[in-house]
Amino acid sequence: MEEAALVLLTQTIHASVPILLAAVGEILAERSGVVNIGLEGLMLIGAFVGVLVGDFAGSGLAGVAAAWAVGLLLGLLHGAIAVYIRGDQLVAGVAMNLFGAGLVAYGIQAVWHVAGYKQTPSWALVDVNAMTVLAFAVAGAMWYILTRTRLGVAIRAVGEDPEAAYSAGIDVYKIRLFSTAVGASLASLGGAYLSLAYLSVVTKDISAGRGFIALADVVFANWNPLLAIAGALIFGFFDAFSYWLQIFGVARYEVTRMLPYIATLLVVAGVIGRAKPPRALGKPFKKE
């Protein structure tokens with residue numbers, strides 16, 4: 001019994017990692033006042049690029065680095081649209097999701113000549129435990145940066161009152177662009193974790209809604225990176241537990257796989273109304 005509990009705990013922690021990385025990245029972006037609902041697309045792209053580069057470079061670490069870099073570039077694009085062009089942030093996020101879904105479905109076919117599914121080569125894999133430690137360290141570091149550093153004060157000020165922050169000498173545009181880019185890179189890193197460590201495969205739907213659950217985790221955590229760990233672990237537990245239910249034949253696959261999403265909805269429903277987003281969230285800033 002103790003051994004089974006330990007296995008379930010380990011699976012829970014591993015399953016929580018992609019949610020945690022994406023949620024922490026989105027917390028950073030939203031704390032600065034920028035919404036990015038394109039996490040699903042970013043995770044898909046990160047998973048695909050990670051395997052693509054890892055396969056051809058013969059190194060999983062190269063794949064991780066490439067996925068992070070691509071996420072950073074896409075975050076800069078989203079940030080430029082939201083901050084400098086002052087475009088609709090929600091529409092830009094939807095476009096990211098659609099782009100990611102199309103790119104990965106076509107890319108798997110174009111590169112490996114298989115339809116929708118590519119096993120990650122052994123030489124492109126990375127250690128799942130190392131990536132897990134990295135994810136939790138990132139969450140802790142993000143909490144420290146946002147609450148204990150001057151940079152964190154500037155990010156939170158920009159997200160609450162950009163006009164006052166600008167008057168105090170803070171470059172609102174650069175802070176928001178930086179936060180959005182780094183946040184997107186973490187979501188992409190979460191996708192690379194799925195394909196290079198956790199699932200060892202890249203598919204056209206590998207993210208399986210995790211990007212949207214990460215958005216829910218942001219609300220559950222009340223924009224606090226440490227509380228985002230709890231939300232990610234809740235999803236991770238039900239994700240791992242659903243597979244156990246399949247093993248014991250409790251219910252069909254289609255039923256058990258609904259558990260993580262139902263649990264997420266119930267948890268978020270309990271905090272809606274009490275969560276307080278940054279006051280300038282989603283509102284473009286223009287210099288007077």
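Going by what an unreviewed UniProt entry lists, the protein is known as Inner-membrane translocator and is assigned to Thermoproteus uzoniensis. Recorded in UniProt for the protein, the comment headed Subcellular location (unreviewed entry) runs: "Cell membrane".

Caption draft 1: Spatial organisation of the UniProt feature "transmembrane region" (unreviewed entry) in the protein. Annotation from UniProt places "transmembrane region" (unreviewed entry) at residues 32–54, 61–85, 91–112, 124–146, 177–199, 211–238 and 258–275. Between the first and last C-alpha atoms of residues 61–85 the distance is 35 Å; the span itself is 96% helix and 0% strand. Along residues 124–146, the helical share is 83% and the strand share 0%, with 34 Å between the first and last C-alpha atoms.

Caption draft 2: Expanded view of the environment of Arg176. By secondary structure assignment, the location of Arg176 is in helix 8 (residues 172–198). Separated by 51 residues in the primary sequence, Arg176 and Leu125 place their C-alpha atoms 34 Å from one another. With near-sequence residues (within four places) excluded, Arg176 lies in contact with Ser32, Gly33, Val34, Val83, Val158, Pro162, Ala280, Lys283, Pro284 and Phe285. There is a polar contact of 2.7 Å between the side chain of Arg176 and the backbone oxygen of Ser32.

Caption draft 3: The side chain of Asp239, seen in detail. Mapped onto the elements, Asp239 comes out in helix 10 (residues 225–247). On the basis of relative accessibility, which here comes to 0%, the residue Asp239 falls in the buried class. Leave out the neighbours within four places in its chain, and Asp239 touches Ala15, Tyr198, Arg210, Arg257 and Pro260.

Caption draft 4: Highlighting the packing of helix 3 (residues 60–84) against helix 8. Helix 8 packs onto helix 3 with a crossing angle of 145° between their chain directions and a minimal axis gap of 6 Å. For the pair helix 3 and helix 8, the sense of crossing is right-handed. By residue class, the composition of the contact of helix 3 with helix 8 is 16 nonpolar, nine polar and two charged.

Caption draft 5: The arrangement of unusual backbone geometry in detail. Despite not being glycine, His113 shows a phi value in the positive range, around 60°. By secondary structure assignment, the location of His113 is in the loop between helix 4 (89–112) and strand 1 (117–119).

Caption draft 6: Region of the structure containing the packing of helix 2 (residues 39–57) against helix 4. Where helix 2 meets helix 4, the closest approach of the two axes is 7 Å, and the angle between their N-to-C directions is 25°. With respect to helix 4, the element helix 2 is oriented roughly parallel. Handedness of the crossing formed by helix 2 with helix 4: left-handed. Taking contact as the criterion, the partners of Leu39, Glu40, Gly41, Leu42, Leu44, Ile45, Phe48, Val51, Leu52, Asp55 and Phe56 in helix 2 are, on helix 4, Met96, Asn97, Phe99, Gly100, Ala101, Leu103, Val104, Gly107, Ile108, Val111 and Trp112. Among the residues forming the contact of helix 2 with helix 4, the class breakdown is 16 nonpolar, four polar and two charged.

Caption draft 7: Highlighting a nonpolar patch on the surface. Where nonpolar side chains cluster on the molecular surface, the patch consists of Val255, Met258, Ile262 and Leu266 and spans about 370 Å² of accessible area. Among the secondary structure elements, Ile262 is positioned in helix 12 (residues 259–271).

Caption draft 8: Structural context of helix 6 (residues 150–160). If you check which residues of helix 6 are buried, you get Gly152, Ala154, Ile155, Val158 and Gly159. Projected down its long axis, helix 6 shows its buried positions confined to an angular sector of 160°, all on one face. Along its buried surface, helix 6 packs onto helix 1 (2–31), helix 5 (128–148), helix 7 (162–167) and helix 8.

Conventions used here
- Residues numbered from 1 in each chain as written.
- Predicted model: local features only at pLDDT ≥ 70, side-chain atom pairs only at ≥ 80, totals over all residues.
- Heavy atoms only, no water.
- UniProt positions renumbered as here; feature names shortened; annotations may be inferred.
- Helix = DSSP H or I, 4+ residues; strand = E, 2+ residues; numbered from the N terminus.
- Contact = heavy atoms within 4.5 Å.
- Polar contact = N/O pair within 3.5 Å; in protein donor to acceptor, adjacent residues only side chain to side chain.
- Buried < 20%, exposed > 50% of the residue type's maximum accessible area, 1.4 Å probe, protein only.
- Axes fitted to C-alpha atoms, helices over the stretch in contact; angles between N-to-C directions.
- Left-handed = near helix turned anticlockwise from the far one by under 90°.
- Nonpolar A, V, L, I, M, F, W, Y, C, P; charged D, E, K, R; others polar.
- Parallel < 35°, antiparallel > 145°, perpendicular 65-115°, else oblique.
- Patch = residues over 30% accessible without salt bridge, like charges linked within 9 Å, V, L, I, M, F, W, Y side chains within 5 Å.
- Areas by Shrake-Rupley, 256 points an atom, 1.4 Å probe, with all protein chains shown as cover.
- Salt bridge = Lys/Arg side-chain N within 4 Å of Asp/Glu carboxyl O.
- Arc of directions from axis to C-beta.

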